[in-house]
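Residue strings, one per chain:
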2 protein chains.
Amino acid sequence: MRSTRVVIIGGGFGGLSAALSLRDVDVTLIDRTNHHVFQPLLYQVATAALSPSDIAWPLRTILRGQRNIRVVMDDVLSIDRVVRSVTLRNSGPILFDVLIVATGSRHSYFGHDEWESFAPGLKTMADAIRLRERMLFAFEEADRRQAATGTHDPLNFVIVGGGPTGVELAGAMAEIGRKAMGPDFPTLRLNDLSIVLVEGGPRLLPGFSPDLSSKAADDLSHMGVTVRLNTEVTAVHAGAVSIGQERIPATNIIWAAGNKASPLLATLKARQDSTGRVYVTPDLSIPDEPWIFVIGDAAHCPGKDGAPLPGLAPVAMQQGRYVADMIEKDVPSEQRRPFVYRDRGMLATIGRARAVAEIGPLHVSGLIAWVLWCTVHIFFLIGFRNRVRVMFEWIWYYLTFKPGARLLYAQTQTSHEEERQRVDP
Amino acid sequence: MRSTRVVIIGGGFGGLSAALSLRDVDVTLIDRTNHHVFQPLLYQVATAALSPSDIAWPLRTILRGQRNIRVVMDDVLSIDRVVRSVTLRNSGPILFDVLIVATGSRHSYFGHDEWESFAPGLKTMADAIRLRERMLFAFEEADRRQAATGTHDPLNFVIVGGGPTGVELAGAMAEIGRKAMGPDFPTLRLNDLSIVLVEGGPRLLPGFSPDLSSKAADDLSHMGVTVRLNTEVTAVHAGAVSIGQERIPATNIIWAAGNKASPLLATLKARQDSTGRVYVTPDLSIPDEPWIFVIGDAAHCPGKDGAPLPGLAPVAMQQGRYVADMIEKDVPSEQRRPFVYRDRGMLATIGRARAVAEIGPLHVSGLIAWVLWCTVHIFFLIGFRNRVRVMFEWIWYYLTFKPGARLLYAQTQTSHEEERQRVDP
């Protein structure tokens, strides 16, 4: 084994792919959590269809077979290019010869970070569990109000952002809200449930072709989702979203619009775009630093058309493997071939037996796209166990419409707060 | 349907069994959480072997088929026997004609409630998740310290209480600690892990016969657990347990000793025993109140030998069905036959292929008892889905020793606190 010390920051798709491909060097993988999350299915945890452990797996277990890798659960506070070290929150600094920055992104509130508490986003498992709790509490609360007053207050869910996450969340919530929660809450009227999907641009799923965008919008409307295009959110409050003068009441607001890269990237002192992504050279390193790479959502890497590559799992995974290959082979800067993204297509699901798929010139929707979506997602899940569990849950849900994970760990809403304060005082 | 209004407090084994048997009256089931927990497997969630949703199921879904039942997620603050109503934390009072109190129990710290923050117990799903987090953090922290200092600090888990929960936790932690965490933490030495099970009485599993108690102690010792009998904990501190002058260092402390019934019972103004259980008449009602019943862990109900019946699921379930039957048939007080507990035996598991079973005169241990234990627990789980999931997890774990749910939802230990403060500010 070469004595090169490689440090990878982030155990998402990019960082983990790189780690799995590095066999001949000394690797330290640092992540804030102890697990890798299969992010494309995170919305199913947020809507209670899957359990956290169905789509997450400990990083240490995934990398158990590679004795050259050390996993560190910690927060990276800064990167020092000169000293070539990263400083951590809970332990001493770690030196590197080669650095792979794969820190992903968080949601961007376009300068209004105060909106986050009313409109949480969905990037981590903790986010997903919080969204699930808020959704389930909203139904319980509506039921309580109905019992107390006899009136039927509306249940309004507003999802901001019409990309894949927003579309998938809106579809899943419409389905689970009506088909699964309906029978559990006989006192609530199904038409009390409104789901509004707000998108600032002229169409949903802007990464897809316009015909599939329309198909997705039609499917969602058919499922009872109100799709509002060309609609800019101007303010977010507790219980409402403002669109100019209009105020949409919202029991729950979910933010699925805009990304900003990790604030850690600023400490790299490399040029960043407006969303915080680092401009990388064609070999994914940063200028003048052939052994510092930035990949995945953290990188601004132009694709064939010149536009930056989208923040998708396949991009991050291909970049991770590409970078790992150069490190393993110790390829000097001048001999590197530029990274080329091989686009194998895009998929987004809308509901049961509804999805859209775009694979080169092939545009598919409906049942076929949905089966394809299920197959691809099962295939890419890490580990036999998770594949079996997710497959079982989907078949079960398909047959019964009883999603498996509608648990509020917390107790009643008020004592929830107390509980939280009681724990680890 | 009769117009009798039955209120059930608590959706555990007792309350849920009663609810499932009540078809001809108007029922309101009140629980703090939205789910029923299969408590005998809670220790497997606490030790990361099972996921929360494997052993819990929404109460509303379980009771969906019964249109005579309303489920309310709320906290009962008090019971008024005179007005015949219960007051709730988040909604108005609910009137009853018949009341079933099935509020279970919490841990008792023998007057030292301040010990709870250092030595949490295991009664609810929130408890199980907290214990799991503490266990996983302890390993991460030991790994960090090892990297920082190069020394091997011991990892000490101390479990207080040698009843079924304590025995099952100790066995599971020994197994998971060595077999599952070992390969994930190559820098930690397996003999750094110490698990101490402290019991005040002269033997483990006091509910079982002495031969099985010895068998359990032998099995645990064989698995590397230090069993200390006749050992009274005199104080609990952060990081240590005192036994008289002796101080046992403890990375984690888990409390599995002693129960106290819900504080709500005091508002019933009926006679209670020293652990807070209400003394019930032979028909499980309270004196002078033939239509107020107390069942399960909340009741002090003498068995054949005069000693109070133990806090076991079968006792609570039989009591729930017995009470429901009297309510359905509207049996007047003087015509009721006393409740008789049919003891079908007891089981406790110690580890993979290790368990003890006592079924009347039959005492079994080892593999046969373990297979019996698995079968019985799968059978009693509610719902096909949960049975399949748990069976799959157990087979998977049996074959691979990779328990499925080692997830820290929270991020690094420090940001964990921040996260908690950030959520729902």
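Conventions adopted
Residues numbered from 1 in each chain as written. Chains lettered and ligands numbered in written order. Predicted model: local features only at pLDDT ≥ 70, side-chain atom pairs only at ≥ 80, totals over all residues. Heavy atoms only, no water. Pairing = 2+ DSSP bridges. Helix = DSSP H or I, 4+ residues; strand = E, 2+ residues; numbered from the N terminus. Axes fitted to C-alpha atoms, helices over the stretch in contact; angles between N-to-C directions. Parallel < 35°, antiparallel > 145°, perpendicular 65-115°, else oblique. Contact = heavy atoms within 4.5 Å. Nonpolar A, V, L, I, M, F, W, Y, C, P; charged D, E, K, R; others polar. Buried < 20%, exposed > 50% of the residue type's maximum accessible area, 1.4 Å probe, protein only. Expected span 1.5 Å × (residues − 1). Bend = angle between axes of the 7 residues up to and from the residue. Patch = residues over 30% accessible without salt bridge, like charges linked within 9 Å, V, L, I, M, F, W, Y side chains within 5 Å. Areas by Shrake-Rupley, 256 points an atom, 1.4 Å probe, with all protein chains shown as cover. Salt bridge = Lys/Arg side-chain N within 4 Å of Asp/Glu carboxyl O. pLDDT = per-residue confidence, 0-100. Phe/Tyr/Trp six-rings, centres within 6.5 Å; stacked < 30°, edge-to-face > 60°. Lys NZ or Arg CZ within 6 Å of the ring centre and 35° of its normal.

### Concerning the sheet that holds strand β16 (residues 246-249) of chain B
All names here are of chain B. Pairing is antiparallel across the open sheet formed by three strands, whose spatial order is β14-β15-β16. Looking at the sheet topology across the chains shown, the edges are occupied by β14 (235-237) and β16. Within the sheet, the average angular offset between the axes of one strand and its neighbour, ignoring direction, is 20°. Pairing between strand β15 (residues 240-243) and β16: four bridges, direction antiparallel.

### Considerations on the packing of helix α9 (residues 384-400) of chain A against helix α9 (residues 384-400) of chain B
Remark: α9(A) packs on α9(B), axes separated minimally by 11 Å, with the N-to-C direction vectors making an angle of 170°. Considering the angle they form, α9(A) stands roughly antiparallel to α9(B). On α9(B), the residues that touch A:F384, A:R385, A:V388, A:R389, A:F392, A:E393 and A:W396 of α9(A) are B:F384, B:R385, B:V388, B:R389, B:F392, B:E393 and B:W396. For the contact of α9(A) with α9(B), a count of residues per class yields eight nonpolar, no polar and six charged.

### Topic: the sheet that holds strand β9 (residues 98-101) of chain A
Two modes of strand pairing occur in sheets, parallel and antiparallel, and in both the strands are linked by backbone hydrogen bonds. Residue and element names in this part refer to chain A. Taken in spatial order, the six strands of this open sheet run β5-β2-β1-β9-β21-β20, and their pairing is mixed. Two strands lie at the open edges of the sheet, namely β5 (69-73) and β20 (285-286), each paired on one side alone. Of the strand pairs in this sheet, strand β1 (residues 5-9) and strand β2 (residues 26-31) are connected by five bridges, and their pairing is parallel. Looking at the pairing, R5 lines up with D26 of β2. With respect to the sheet, helix α1 (residues 13-21) is in contact with β1, β2, β5 and β9, its orientation differing from that of β1 by roughly 155°.

### Focus: the pairing of strand β17 (residues 252-255) of chain B
Along any regular strand the residues' side chains alternate between the sheet's two faces. Residues and elements named next belong to chain B. A two-sided burial pattern is seen for β17, the buried positions comprising N252 and I254 on one face and I253 and W255 on the other. Bridge count between strand β11 (residues 155-160) and β17: four bridges; the pairing is parallel. Looking at the pairing, F157 lines up with N252 of β17.

### What to know about helix α5 (residues 164-184) of chain A
Residue and element names in this part refer to chain A. Compared with an ideal rise of 1.5 Å per residue, which puts 21 residues at 30 Å, α5 spans 29 Å between its outermost C-alpha atoms and is within 8% of the ideal. G177 marks the point of greatest bend in α5, at about 35°. α5 sits mainly inside the fold: 16 of its 21 residues count as buried.

### A short note on a nonpolar patch on the surface
Residue and element names in this part refer to chain A. Residues L367, V371, M391, I395, Y398 and L399 make up a contiguous nonpolar surface patch of about 580 Å² in total accessible area. Looking at the nonpolar patch element by element, the count peaks at four residues for α9. Position of I395 among the secondary structure elements: in helix α9.

### Concerning the pairing of strand β7 (residues 85-88) of chain A
Residue and element names in this part refer to chain A. Inspection of the sheet shows strand β6 (residues 76-80) paired to β7 by four bridges, in the antiparallel sense. Following the sheet pairing, V76 is matched in β7 by L88. Taken together, β6 and the strand that follows it, β7, pair antiparallel across an intervening segment of four residues, in which R84 is found at a positive phi of about 60°.

### Brief notes about helix α8 (residues 367-380) of chain A
Its 14 residues place the ends of α8(A) 20 Å apart at the C-alpha level, agreeing with the 20 Å of an ideal helix rising 1.5 Å per residue. Packing partners of the buried residues in α8(A) comprise α2 (42-46), α5, β23 (346-351), β24 (354-359), β25 (362-365) and α9 of chain A.

### Focus: the confidence of the model for chain A
Residue and element names in this part refer to chain A. When pLDDT is averaged along chain A, the result is 90, and 96% of the positions lie at 70 or above. Low pLDDT, under 50, characterises residues 413-425; the predicted model gives this stretch 29 contacts beyond four residues in sequence or across chains. With a pTM of 0.90, the predicted complex shows an ipTM of 0.86.

### Some remarks on unusual backbone geometry
The phi torsion at A:L284 lies on the positive side, around 70°, for a residue other than glycine. Note that A:L284 resides in the loop between β19 (278-279) and β20. A positive phi angle, close to 50°, is found at B:N230, a residue other than glycine. Mapped onto the fold, B:N230 is located in the loop between β13 (225-228) and β14. Take B:N230: its relative accessible area is 56%, and that puts it in the exposed class.

### Observations regarding the environment of B:G345
Residue and element names in this part refer to chain B. One can find G345 in the loop between α7 (313-328) and β23 (346-351). Between the alpha carbons of G345 and V25 there is a distance of 33 Å; along the sequence they are 320 residues apart. Residues in contact with G345, not counting those within four places in the same chain, are E358 and I359.

### Focus on the packing of aromatic side chains
Residue and element names in this part refer to chain B. If you walk through the whole model with that rule in mind, you get 18 aromatic pairs over all chains. Across from the ring centre of Y279, 4.2 Å away, lies the NZ or CZ of R271, which sits over that ring. Against the face of W291 rests R336, its NZ or CZ located 4.4 Å from the ring centre.

### Considerations on the pattern of salt bridges
This structure, assessed with the given rule, holds 42 salt bridges over all chains. Notably, a salt bridge pairs A:E289 with A:R81, separated by 3.1 Å at the nearest N-O pair. Pair noted here: A:E289 is in strand β21 (residues 289-294) and A:R81 is in the loop between β6 and β7, with a separation of 208 residues, a long-range link. Here A:R81 falls in the partly exposed class, since its relative accessible area comes to 21%. As a salt-bridge pair, B:E141 and B:R144 come within 2.9 Å of each other at their nearest N and O atoms. Linking B:E141 with B:R144, this pair stays in helix α4 (residues 125-149), spanning three residues, or about one helical turn. With relative accessibility at 26%, the residue B:E141 sits in the partly exposed group. Linked through salt bridges whose partners overlap, the residues forming this network are A:D54, A:R389, B:D54 and B:R389.

### Considering the side chain of A:Q319
All names here are of chain A. Within the secondary structure layout, Q319 lies in helix α7 (residues 313-328). Judged by its relative accessible area of 1%, Q319 is buried. Residues in contact with Q319, not counting those within four places in the same chain, are L284, I295, G296, C301, L309 and F339.

### Considering the packing of α8(A) against α9(A)
All names here are of chain A. Direction vectors running N to C along α8 and α9 enclose 155°, while the axes themselves pass 9 Å from each other. What the angle tells us is that α8 and α9 run roughly antiparallel. Where α8 abuts α9, its residues W370, W373, C374, H377, I378 and F379 lie against R387, V390, M391, W394 and Y398. A class-by-class count of the residues in the contact of α8 with α9 yields nine nonpolar, one polar and one charged.

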